[in-house]
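# Architecture and fold: a report
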Amino acid sequence: MSADAIESAGERRRTGWGARLVILIPALWLTVLFLVPFLIVLKISLSQSIVAQPPYTPVLDLADGFQGVREFSAGLSFENYALLASDSLYVTSYLRSLSIAGLSTLILLLIGYPIAYGIARTSRRAQLILVAAIVMPFLTAFLIRIYAWVNILQREGLLNDALLALGLIREPLVWLSTDTAIYIGIVYSYLPFMVLPLYASLEKLDETLLEAAADLGCPQWKAFWLVTVPLSLPGVLAGVLLCFIPIAGEFVIPDLLGGSGSTMIGQTLWTEFFSNKDWPVASALAVVLLIILLAPIVAYQHLQLRELAPDHAQAKDGVR
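Residues numbered from 1 in each chain as written. Predicted model: local features only at pLDDT ≥ 70, side-chain atom pairs only at ≥ 80, totals over all residues. Heavy atoms only, no water.

## Regarding the confidence of the model for the protein
Residues of the protein with pLDDT of at least 70 account for 90%, and the chain-wide mean is 86. Within the protein, helix H4 (residues 88-120) carries the highest mean pLDDT (95), whereas helix H1 (residues 3-45) carries the lowest (75). (pLDDT = per-residue confidence, 0-100. Helix = DSSP H or I, 4+ residues; strand = E, 2+ residues; numbered from the N terminus.)

## A short note on the packing of H4 against helix H8 (residues 179-203)
It is at 6 Å that the axes of H4 and H8 come closest, and there the two elements cross at 45°. As summarised for this structure, H4 and H8 are arranged oblique, according to the angle between their axes. Along this stretch, H4 crosses H8, giving a crossing that reads as right-handed. Residues belonging to the contact of H4 with H8 are distributed by class as follows: 23 nonpolar, four polar and three charged. (Axes fitted to C-alpha atoms, helices over the stretch in contact; angles between N-to-C directions. Parallel < 35°, antiparallel > 145°, perpendicular 65-115°, else oblique. Left-handed = near helix turned anticlockwise from the far one by under 90°. Nonpolar A, V, L, I, M, F, W, Y, C, P; charged D, E, K, R; others polar.)

## Focus on a nonpolar patch on the surface
Judged by side-chain polarity, Trp-29, Leu-30, Val-32, Leu-33, Phe-34, Leu-35 and Leu-39 come together as a nonpolar surface patch covering roughly 740 Å² of accessible area. Judged by its relative accessible area of 51%, Leu-30 is exposed. (Patch = residues over 30% accessible without salt bridge, like charges linked within 9 Å, V, L, I, M, F, W, Y side chains within 5 Å. Areas by Shrake-Rupley, 256 points an atom, 1.4 Å probe, with all protein chains shown as cover. Salt bridge = Lys/Arg side-chain N within 4 Å of Asp/Glu carboxyl O. Buried < 20%, exposed > 50% of the residue type's maximum accessible area, 1.4 Å probe, protein only.)

## Some words on the packing of aromatic side chains
Across all of its chains, the model carries 13 aromatic pairs by this definition. Consider the rings of Phe-138 and Phe-193, whose centres lie 5.3 Å apart with planes at 85°: the pair is edge-to-face. With Phe-138 in the loop between helix H5 (124-135) and helix H6 (142-152) and Phe-193 in helix H8, this pair connects stretches of sequence that are 55 residues apart. Its relative accessible area of 36% is what places Phe-138 among the partly exposed residues. By relative accessible area, Phe-193 is classed as partly exposed at 32%. Here Phe-224 and Trp-225 contribute two aromatic rings whose centre-to-centre distance is 5.6 Å and whose plane-to-plane angle is 80°, an arrangement assigned as edge-to-face. Overall, Phe-224 belongs to the partly exposed group, its relative accessible area being 21%. A relative accessible area of 54% places Trp-225 in the exposed class. Counting every residue linked through ring pairs, the aromatic cluster contains Tyr-56, Phe-251, Trp-270, Phe-273, Phe-274 and Trp-279. (Phe/Tyr/Trp six-rings, centres within 6.5 Å; stacked < 30°, edge-to-face > 60°.)

As structure tokens, this is what we get:
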């Protein structure tokens with residue numbers, strides 16, 4: 001074997017180890033910080049609530065050997081999941097959370113797309129200023145911003161004062177403890193998560209495609225729907241996922257701005273954990289919520305793989 005061949009084989013070996021290391025680090029991170037906690041929560045969701053420490057049973061004791069493992073496995077059950085399906089409180093909480101998350105995401109998309117489109121069409125210096133303005137609220141703590149909205153939406157708050165001064169209303173309106181307040185807080189808090197991925201997608205748009213459409217006699221509005229919107233779909237999907245998933249499990253905003261008449265699943269989770277001390281039911285709620293929210297992520301990945309499949313096939317044909 002020649003020296004060049006030996007050197008080439010060594011480079012491939014080093015590259016292979018480097019690629020494995022790049023994959024191994026995030027895999028270990030996900031295992032330690034996601035998979036292991038999830039398995040713990042899953043185990044608790046199959047347990048039964050008791051007044052003790054820990055507040056559930058069974059508890060695995062490896063000192064008892066194989067007999068202890070058998071008794072531990074026999075004590076696990078799916079009773080908590082059956083309870084979730086049979087109790088209207090939990091079903092209503094899930095449906096309410098998903099409906100609020102869906103409508104909030106739609107509102108965010110309708111508001112965020114024009115903002116991102118406008119930022120992408122300005123000069124480079126103006127883009128930096130506008131993006132910084134979008135990110136600026138993150139410099140203030142999330143809880144402080146929501147408490148600020150509590151003051152704004154009070155009966156004698158800034159919003160009613162402004163509407164009265166403009167003559168739009170004759171008496172103060174009730175904003176707090178309503179669904180409207182929840183939507184206001186959610187849209188305000190999550191707007192940057194929608195605007196930034198949309199801006200990143202629109203900013204990379206090839207202007208020559210729009211020029212070609214105009215040269216072929218395509219009206220501006222039609223070129224927007226046929227060229228701009230389809231090419232920005234990756235940013236739309238990313239923004240929708242970044243907003244919908246955390247909104248569905250939101251706790252702080254509905255707890256501070258919403259009413260007590262109907263709760264979202266985040267509030268139900270908190271109640272089961274800290275008020276009722278029912279860790280198994282709360283864990284079952286968390287597991288079901290995770291499964292529900294994994295569905296759009298899996299669908300998004302499936303679409304991404306379908307888009308990458310033709311390019312991968314063309315690359316393989318080119319190598320051949």
